[in-house]
Amino acid sequence: MFIFDAHLDLSMNAMEWNRDLTWSVEEIRESEIGMTDKPDRGNNTVSFEAMRKGNIGLCMATQIARYVHKDNSLPGWNSPQQAWAHTQAQLAWYRTMEEAGELVQIRNGKQLKAHLENWKTSEGKKPIGYILSLEGADSIVSIDYLERSYEQGLRAIGPAHYGPGTYAHGTNSVGGIGTKGKALLKEIERLNIILDATHLCDQSFWETMDNYNGPVWASHNNCRALVNHNRQFSDEQIIELIFRNAVIGIALDAWMMVPNWVRGESTPKGMNVTLQQMINNIDHICQLAGNTLHVGIGTDLDGGFGKEQCPSDIDTIADLQKIPQLLSARGYSTSDIENIMSANFLRFLQNTWS
């Protein structure tokens, strides 16, 4: 079944982890034996080959570069200009992957339709479609930079990531969107960029909903009712997003899937983390919505974690093809499963770009 993954940090893996995604997953793992600079070394799950094997023909692919103020202890760049420059380096990598025939950028409905048709009908190695997304807006030096990014193909943006940001407060922080955040929202709406609500803290989330009327989704976010942490959405937030015709992508980071996960200590098998918890999150959203039209896949695989912190029944991203059978076993129909695996997000894009 065709899969749309709403959140993959491809350029981060290439530019910060120094992973050549044209290699196989196994080749990347072998190259990282003995490396200890990142917690997921040798445990990667994503490569272009694995994506093609899993029929993941389209994804939201991120740029990410956090700017941190002097009093912020989070890792990041010391100025928004440095953060912007890093996103431009990431964009340059995407462009070289296009030239190599590995990727093709999708910017509008016509290109989306053509890519889906090509993926379905052409033989041999096909370029994977990617739509550019910015995770955390701190690299937007000033509002006019957003239009520059739009011209480069940016089609979705999350105003915040972790901690307090320039335009909003994100995960593990408390605060609103302020004057700068409201100005950013107006520009996002003017450009018809999709607002990604994923990392917004509760206060920033609700202030954003009060000040924004454009397209909104959550690319990779799970349910607080199942794991009680501010990183997840409450039922009230999920219902608000459903009301706005949003789609919510379910993530595969283990600490978001089971309570009491301890980073660096807990293991997927020890905590019984499997794709069943993903199905639980999908089902919870479907029950709130009363249908299967508002949930999809947003794995965040290799978003700073790998096999050591994802479902034990995932070896590579190709194993996402196990999800349809698990949904079928829960009583979901073929059309329901198609909605979840790709159709909901694709419909959202087509409606936004029409």
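Heads up: these notes are all about the structure in this document.

Summing up its helical and strand segments, the protein has 12 helices and 9 strands in all. Taking 2.2 N^0.38 as the reference for a compact globule, 354 residues should give roughly 20 Å; the C-alpha atoms of the protein span a radius of gyration of 19 Å, in line with that estimate. With the principal axes as the frame, the protein shows a C-alpha extent of 45 × 45 × 45 Å. Taking all 354 residues of the protein together, the buried fraction comes to 59%. Sequence separation of 24 or more characterises 71% of the internal contacts of the protein that already satisfy a separation of 6 or more. On the protein, roughly 14,200 Å² of surface is accessible, and the fraction owed to carbon and sulfur atoms is 49%. Measuring between centres, the 30 positive side-chain charges of the protein sit 3 Å from its 42 negative side-chain charges.

Before going further, it helps to spend a moment on the state of the cysteines. Inspection of every chain in the model, using the stated rule, returns 0 disulfides. You can see C59 has no disulfide; the closest cysteine sulfur is in C310, sitting 17 Å from it.

Moving on to the pattern of salt bridges. The tally for this structure, following the rule as stated, stands at 15 salt bridges. For the salt bridge of E147 with R190, the shortest nitrogen-to-oxygen distance reads 3.0 Å. Of this pair, E147 sits in helix α6 (residues 144–151) while R190 sits in helix α7 (residues 178–191), placing them 43 residues apart in sequence. Residues R190 and E187 are paired through a salt bridge, measuring 2.8 Å at the closest nitrogen-oxygen approach. Taken together, the residues span about one helical turn, with R190 and E187 both in helix α7 at a distance of 3 residues. Salt bridges sharing common partners tie together R19, E32, D37, D40 and R41.

Once that is clear, we can look at the environment of A137. With respect to the secondary-structure elements, A137 resides in the loop between β4 (128–135) and α6. Counting along the chain gives 20 residues from A137 to I157, while the straight-line C-alpha distance between them is 7.0 Å. For A137, the residues in contact, after removing those within four places along its chain, are I157, G158, P159, A160, Y167 and L184.

This part takes up the packing of α7 against helix α8 (residues 202–211). Packing of α7 against α8 leaves a shortest axis separation of 10 Å and a crossing angle of 50 degrees. It follows from the interaxial angle that α7 and α8 lie oblique. The handedness of the crossing between α7 and α8 comes out as right-handed. Where α7 approaches α8, its residues G178, K182, L185 and E189 are matched on the opposing element by E207, T208 and N211. Across the contact of α7 with α8, the residue classes break down as 1 nonpolar, 3 polar and 3 charged.

Counting across every chain of the model gives 10 aromatic pairs. Aromatic side chains W84 and Y145 sit 4.8 Å apart centroid to centroid with 85 degrees between the ring planes, which places their arrangement in the edge-to-face category. Here W84 is found in helix α4 (residues 80–99), whereas its partner Y145 is found in helix α6, with 61 residues between them in sequence. Comparing W84 with Y145 shows no difference in burial state: the two are buried. On the basis of an interplanar angle of 40 degrees and a centroid distance of 5.0 Å, the ring pair of W217 and F348 is categorised as tilted. Remark: F348 occurs in helix α12 (residues 334–353) and W217 occurs in strand β7 (residues 216–217); sequence separation between them is 131 residues. Taken together, the ring pairs in this structure connect F4, W217, F345 and F348 into an aromatic cluster. Sitting over the ring of W17, K38 keeps its end group 4.1 Å from the ring centre. The ring of W119 has K126 lying over it, and the distance from NZ or CZ to the ring centre is 4.9 Å.

Cut-offs applied
Going along each chain's sequence as written, the residues are numbered from 1 onward. Where totals are concerned, whole chains, interfaces and linings use all residues; where local detail is concerned, this predicted model gives features only for residues with pLDDT of at least 70, and gives and counts side-chain atom pairs only at 80 or more. Water and hydrogen atoms were dropped before computing side-chain values, which therefore reflect all heavy atoms in the structure. Per the convention used, a helix needs a DSSP run of H or I reaching at least four residues, while a strand needs a run of E reaching at least two, with both numbered from the N terminus. Based on C-alpha atoms, the radius of gyration is set beside the globule rule, defined as 2.2 Å times the residue count to the power 0.38. Partly exposed describes any residue whose relative accessible area lies between the buried limit of under 20% and the exposed limit of over 50%, with all areas from a 1.4 Å probe on protein chains only and scaled to the type maximum. The contact criterion used is simple: two residues touch if any of their non-hydrogen atoms lie within 4.5 Å. Per-residue and other accessible areas were derived by the Shrake-Rupley procedure at a 1.4 Å probe size, with only the shown protein chains allowed to occlude residues. Charge counting treats Lys and Arg as positive and Asp and Glu as negative, with His and both chain ends excluded. Every charge is mapped onto a representative atom, which is NZ of Lys, CZ of Arg, CG of Asp or CD of Glu. Pairs of cysteine sulfur atoms within 2.5 Å are what we label disulfides. Take a side-chain nitrogen of Lys or Arg and a carboxyl oxygen of Asp or Glu: if they are within 4 Å of each other, that pair is a salt bridge. Helix axes use the C-alpha atoms of the stretch in contact, all axes being lines fitted to C-alpha atoms, and the angles between their N-to-C directions lie in the range 0 to 180 degrees. Between 65 and 115 degrees an angle is taken as roughly perpendicular, under 35 as roughly parallel, over 145 as roughly antiparallel, and anywhere else as oblique. A clockwise turn of the near helix away from the far one marks a right-handed crossing, whereas an anticlockwise turn of less than a right angle marks a left-handed crossing. Classification convention: Asp, Glu, Lys, Arg as charged; Ala, Val, Leu, Ile, Met, Phe, Trp, Tyr, Cys, Pro as nonpolar; all other residues, Gly among them, as polar. Only rings of Phe, Tyr and Trp enter the pairing, Trp through its six-membered ring, and a pair is recorded when the two centres are within 6.5 Å. The plane angle decides the type: under 30 degrees is stacked, over 60 is edge-to-face, the rest tilted. Cation placement over rings: the criterion is NZ of Lys or CZ of Arg within 6 Å of the ring centroid and within 35° of the ring normal.

Coordinates in, geometry out; function isn't part of it.
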